[in-house]
Amino acid sequence: MPSPLPTVRLGRKGEERLRAGHLWVFGEDLRSVPASLPAGAWVRVVTRAGELLGTGTLNLASRIALRMVSRRETPGDGTFIRERLSEAWQRRMESGLEGEAALRLVYSEGDFLPGLIVDRYGSVLCAQILTAGMEAVRAEILESLVGMFSPRLVFERSEGSGRKREGLPERKGPMWGGGEPREEVEMDGLRFVVDVEGGPKTGFFLDQRENRKIVRKLAGGKRVLDGFCSTGAFGIHALAGGAESVLAVDASVIAMSAAWENAKRNGLSDRWEGKAADLFAELRELSASSLRFDMVVLDPPSFAKSREGMEGALRGYKDINRMGISLLAPGGILATASCTQRIDVAKWREALRAAAADARADLELVAVGGQPADHPVLLGVPETGYLKFAVFRKRSP
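Residues numbered from 1 in each chain as written. Predicted model: local features only at pLDDT ≥ 70, side-chain atom pairs only at ≥ 80, totals over all residues. Heavy atoms only, no water.

Under the defined criterion, the tally for this structure stands at 30 salt bridges. Across the pair arginine 44 and glutamate 73 runs a salt bridge, and its minimum N-O distance is 3.1 Å. Here arginine 44, found in strand 4 (residues 41-46), pairs with glutamate 73, found in the loop between strand 6 (64-70) and helix 2 (78-94); they are 29 residues apart in sequence, far enough to count as distant. Close ionic contact of lysine 213 with glutamate 210 constitutes a salt bridge, the shortest N to O distance being 3.4 Å. Taken as a pair, lysine 213 and glutamate 210 lie in helix 6 (residues 209-218) at a separation of three residues, close to a single helical turn. Within the structure, one salt-bridge network assembled from shared partners comprises Arg67, Glu109 and Glu166. (Salt bridge = Lys/Arg side-chain N within 4 Å of Asp/Glu carboxyl O. Helix = DSSP H or I, 4+ residues; strand = E, 2+ residues; numbered from the N terminus.)

Let us now look at the packing of aromatic side chains. Throughout the structure, instances matching the rule amount to eight aromatic pairs. Consider the rings of tryptophan 42 and phenylalanine 80, whose centres lie 5.6 Å apart with planes at 80 degrees: the pair is edge-to-face. Of the two residues, tryptophan 42 is situated in strand 4 and phenylalanine 80 in helix 2; the sequence distance between them amounts to 38 residues. Here the aromatic cluster, defined as three or more aromatic residues joined through ring pairs, consists of Phe280, Phe303 and Tyr317. (Phe/Tyr/Trp six-rings, centres within 6.5 Å; stacked < 30°, edge-to-face > 60°.)

If you look at the biggest cluster of nonpolar residues, it comprises 40 residues, and the most contacted ones within it are Tyr121, Phe204, Val215, Trp272 and Phe389. The element that contributes the greatest number of residues to this core is helix 7 (residues 233-240), accounting for five residues. Not counting the four nearest positions on each side in its chain, tyrosine 121 is found in contact with Ala101, Ala102, Cys126, Glu183, Val185, Val194, Val196, Thr202, Gly203, Phe204 and Leu206. Counting residues in each nonpolar core, the second largest holds 30 residues, with Ile320, Leu327, Leu352 and Ala355 among its members. (Core = buried A, V, L, I, M, F, W, Y, C linked by side-chain atoms within 4.5 Å. Buried < 20%, exposed > 50% of the residue type's maximum accessible area, 1.4 Å probe, protein only. Contact = heavy atoms within 4.5 Å.)

Between helix 9 (residues 279-288) and helix 10 (residues 310-326), the shortest axis-to-axis distance is 9 Å and the interhelical angle comes to 30 degrees. Note that helix 9 runs across helix 10; the crossing there is left-handed. For the pair helix 9 and helix 10, the contacting residues are Leu279, Phe280, Leu283, Arg284 and Ser287 in the first and Gly316, Asp319, Ile320, Met323 and Gly324 in the second. The residue makeup of the contact of helix 9 with helix 10, split by class, is five nonpolar, three polar and two charged. (Axes fitted to C-alpha atoms, helices over the stretch in contact; angles between N-to-C directions. Left-handed = near helix turned anticlockwise from the far one by under 90°. Nonpolar A, V, L, I, M, F, W, Y, C, P; charged D, E, K, R; others polar.)

Here it is as structure tokens:
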């Protein structure tokens, strides 16, 4: 018989938070914790009165001390991990994504595996283990992924500030299998080479899949500026949609090289121009020239990793969008995004409104996008819904 899980008792605020549907409890909202539990321990979670609330993982070194993995009591073993991965895969099949060569197989809290992200690129899986609770079942995760998906390579990209906050060392490299950490995949009829070792995040930004389709539909005949282009997906979709030309800008020389290769791979390089430069500086230079665009796409990285950085992030969104709007010809299209989790839709829209006012432009909302189905959003966990995307037309009243 397996040993019973240690029991963690919550305080009033912790109870209220979980009953409201969230999956996190902060350290100050724990009432009692058994002594000497290791970081990442799987624990039984109960109310002040002893009522079971489910199973979580505990790390007192993190501000988010408790992360729920289930509303029932369950051991953190291989059987549970396989069940969770099977449930995640079933949701993607129900969404019609099982045939996609590139998709997110596991989305952290959105799939009740907080701190675990797994992306599939053809025969390559790229995993991020970002919390101590998922690190504790690392072997079970790997075994289940290999058994379910039969990849040729599982590559790990467990990096960044989140893992450091958990008190974990960074990990990067093959977890299982072999071969090159690069894979060519087809997405929406276009081909991209994904580098899970040197590319952004897990190798590609899968979360913008549906938003790129919106840009593609609107790009016909347009001169397009693709800002923060990364490996070129927005600009390449625009060209596939009939754009006259694309100027792609990104600060990363490596990303620009990958974007150029992707444009060539799709037979679109004759209408594609790339420039490795700071986009803020480049927009200022373009504004001083007479060059104008029919579409500007802005997909910036997260501008704030903490609450202290929110004010600066909002200024950044206002400035970048103001300059983007100023570069639009009358009737031009602004397609703009925010992946900053700590800034909600209302605050982001207010920054856009202020940007339009400063640019002395009237904007008409054309389309709204967001996360695809393989990035599921839990109503009770607003942090799972981080991606904002909207398309506006610059009006000339």
